Amino acid sequence: MMHQFFVVSKTFTKRAWLAAVLAVCVLVLVPFVFRGLMSIKELGTYGISTDPFQYHFAFLGLSWIFFIAICVHALQGCENIVVRLPVSSTAIFSGLILLTVGLVLILNLVTNGLYRFFFFDQNWLSDYWPLLGPLLFLMTLVLVGQFLFWSRFAPSVTGSLFCISFVTALCWWFASRYFPNGFQKPVVPWNHVTLADWFTLLVVNSVAWYQGTRAFEKVRSGTAVPSPQWSRLRDCWNALLSGTLINRRVEFGSQHRSLVRLHWCDSCRPAVVIGGLYCSVAGVLLSFLLFKLSYVPGGQTAAFWSYIQSISVVTSSLFLLASLLIGFLLGDGIHRPGRIELKRYLSAVPLSEQDFSGILMRNLVKTVCIVWSCLMLGCLLSHIIVIHYFDFTASPLNMLYLEAYVSATSENLVPFLFLSAMILWGVSSTMVSIFWTGRTWFYLMVLFLFGGLCFALILISACIQSEAITGLLYGLTMTLASTILGGTVAAYLVAYRKKLITATGVLMAVLFLLTAVWFCSSLTGDEYHSVFYRIWNSNFFFRALGINSMRFLVFVVLTSLVTPFATIPLAVSWNRHR
């Protein structure tokens, strides 16, 4: 038995050690570099909190995601080995528990030890950085995760609902440890683990171990099968994604229409369902949840303004998430596994380069429009629900708040519609143009060069004020903007020369750029309520650039909206002939 445990431990360690080292390095080096950059000036000068507890929950969220992902990655490599060992299921599952719990325990202690060495003082545990309680809860999450990992082979509707409810209740219990006086009171560190906390975690661990052992036994014996209800639900879901549930009888009149329908059902419909339907429903639920959590009987005004402040963050995050999902699902949807080549129905279609890329481009535009409409509908429902639950007739003061809310909404409606559409199209189409090249090295190069440069510019410009830094950032920003502008012009010239786009497409892009020039020239810094003024006045670097440089940056951002109309045909042609 010890030999088998050694073999499993060796395989587990080989798959986990590199990811573990990278996770610890990221968790330690990122705040260390940030602290080094911020040491140029005093932190409080820029409104950045110097209280370590303000970053405690961010650390918990990131570290738990990293550590649990490492455990899942390592377990997937040992999955085929452990099910064949001539040892009892209880012993094998208990050994896997020891491996995963030991891994997250070591990683957590090492990371917190490095934090103590680099960032904290000797009173860190008692004053602002609780360790024992979150560590015990993380170990509980690992046991629950083991149960969920082996239960995925025999899913059921009731079991899934129970697991979601159980994990939600567990997270609510953990959050309540930081609010001993109620969620309406200030948050305090969870420095003292009571006997009741120990007993609760012990019961949860015992139940998770027992249920995980049963699930693992079913996997080993081959009796882990989905329930009939789950199988029917999965078949309906697959039919909805593929379009066979909606389009029972589809007649294709030509190769052109056939390719449009196949690409839509294969790649675009999942992006619409996940990026549009899921994110819009999540937006409605999150906005309502935030409102109810901040609701205090007799103090509805505070709840209402708390919702107004939080819904903007939720909306922006969901739009960005939806654009990333669209870009990834559509970008990766045309390739076979491994991205070694196009899917068979795409590689064998006898169409010209211009017609082929035009079909994919139209489906991309259609997908973005539908997802944007779904998200807009979700935003509308969120506001309707909150206004319905908020009693504006309770006092005359509430009616004044309603008038102010309606006025602010009507004033910001057009900028919100434009900015949301710009973010959704710009991010998703740029990702698609990169993914459709089919070159992994090209993905990584663009990610590290432009992504790292943009992140560095945003971080430094938001946090550091210095004449030397301002000059450096100005040069880097103008270089990046000029590169984007020159790349757009070059892409259109090459695509037109290769007959991938028509003269009409080039003319439409030129007209759009002329309109963008007129729009940017009309921007001023005198309109205090405009979106441009808020962005320009958001940090010192934008103010140091001046109005003309900011107009140029806005023009470059607008130019990037039409760049995919040239880069996507080039990427498709490059991918098709590799």
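Right, let's get into the nonpolar core. Residues Val82, Leu96, Phe137, Trp150 and Phe174 are the most contacted members of the largest nonpolar core, which totals 58 residues. In this view, Phe174 contacts Leu60, Trp64, Pro134, Phe137 and Trp190; residues no more than four positions away in its chain are not counted. Membership of the second largest hydrophobic core comes to 41 residues, among which are Leu259, Leu342, Met361 and Cys379.

Right, let's talk about the confidence of the model for the protein chain for a bit. In the predicted model, the protein chain carries a mean pLDDT of 79, and the fraction of residues at 70 or more is 79%. Low pLDDT (under 50) marks residues 40-47, which in the prediction has 9 contacts with non-local residues, meaning those over four places away or in another chain. Taken as a whole, residues 245-252 scores under 50 in pLDDT and shows 12 contacts with residues more than four places along the chain or in a different chain.

So, on to the side chain of Asn575. Relative to the assigned elements, Asn575 resides in helix H20 (residues 564-576). With relative accessibility at 3%, the residue Asn575 sits in the buried group. Of note is the side chain of Asn575, whose polar atom sits 3.0 Å from the backbone oxygen of Trp436. Among all residues touching Asn575, those that are not within four sequence positions of it are Ile334, His335, Leu342, Trp436, Thr437, Gly438 and Arg439.

Our focus in this paragraph is the packing of helix H3 (residues 89-118) against helix H5 (residues 132-151). Between H3 and H5, the shortest axis-to-axis distance is 10 Å and the interhelical angle comes to 140°. With respect to H5, the element H3 is oriented oblique. In terms of crossing hand, the pair formed by H3 and H5 is right-handed. Contact residues: Phe93, Leu96, Ile97, Thr100, Val101, Val104, Leu105, Asn108 and Leu109 in H3; Leu135, Leu138, Met139, Val142, Leu143, Gln146 and Trp150 in H5. The class makeup of the residues in the contact of H3 with H5 is 13 nonpolar, 3 polar and no charged.

Moving on to the packing of aromatic side chains. Centre distance and the angle of the planes are the two values used to describe a pair of aromatic rings. According to the stated counting rule, one finds 21 aromatic pairs in the structure shown. Judged by centre distance (5.9 Å) and plane angle (75°), the ring pair of Phe174 and Trp190 falls under edge-to-face. One end of the pair, Phe174, is in helix H6 (residues 157-177); the other, Trp190, is in the loop between H6 and helix H7 (195-221), with 16 residues separating them in the sequence. Both residues of the pair, Phe174 and Trp190, count as buried. Members of the aromatic cluster, connected to one another through ring pairs, are Phe57, Trp64, Phe137, Trp173, Phe174, Tyr178 and Trp190. Residue placement shows Arg152 over the ring face of Phe149; its charged tip is 4.2 Å from the ring centre. Just above the ring of Trp264 sits the side chain of Lys366; from NZ or CZ to the centre is 4.3 Å.

The rules behind each value
- Residues numbered from 1 in each chain as written.
- Predicted model: local features only at pLDDT ≥ 70, side-chain atom pairs only at ≥ 80, totals over all residues.
- Heavy atoms only, no water.
- Core = buried A, V, L, I, M, F, W, Y, C linked by side-chain atoms within 4.5 Å.
- Buried < 20%, exposed > 50% of the residue type's maximum accessible area, 1.4 Å probe, protein only.
- Contact = heavy atoms within 4.5 Å.
- pLDDT = per-residue confidence, 0-100.
- Helix = DSSP H or I, 4+ residues; strand = E, 2+ residues; numbered from the N terminus.
- Polar contact = N/O pair within 3.5 Å; in protein donor to acceptor, adjacent residues only side chain to side chain.
- Axes fitted to C-alpha atoms, helices over the stretch in contact; angles between N-to-C directions.
- Parallel < 35°, antiparallel > 145°, perpendicular 65-115°, else oblique.
- Left-handed = near helix turned anticlockwise from the far one by under 90°.
- Nonpolar A, V, L, I, M, F, W, Y, C, P; charged D, E, K, R; others polar.
- Phe/Tyr/Trp six-rings, centres within 6.5 Å; stacked < 30°, edge-to-face > 60°.
- Lys NZ or Arg CZ within 6 Å of the ring centre and 35° of its normal.

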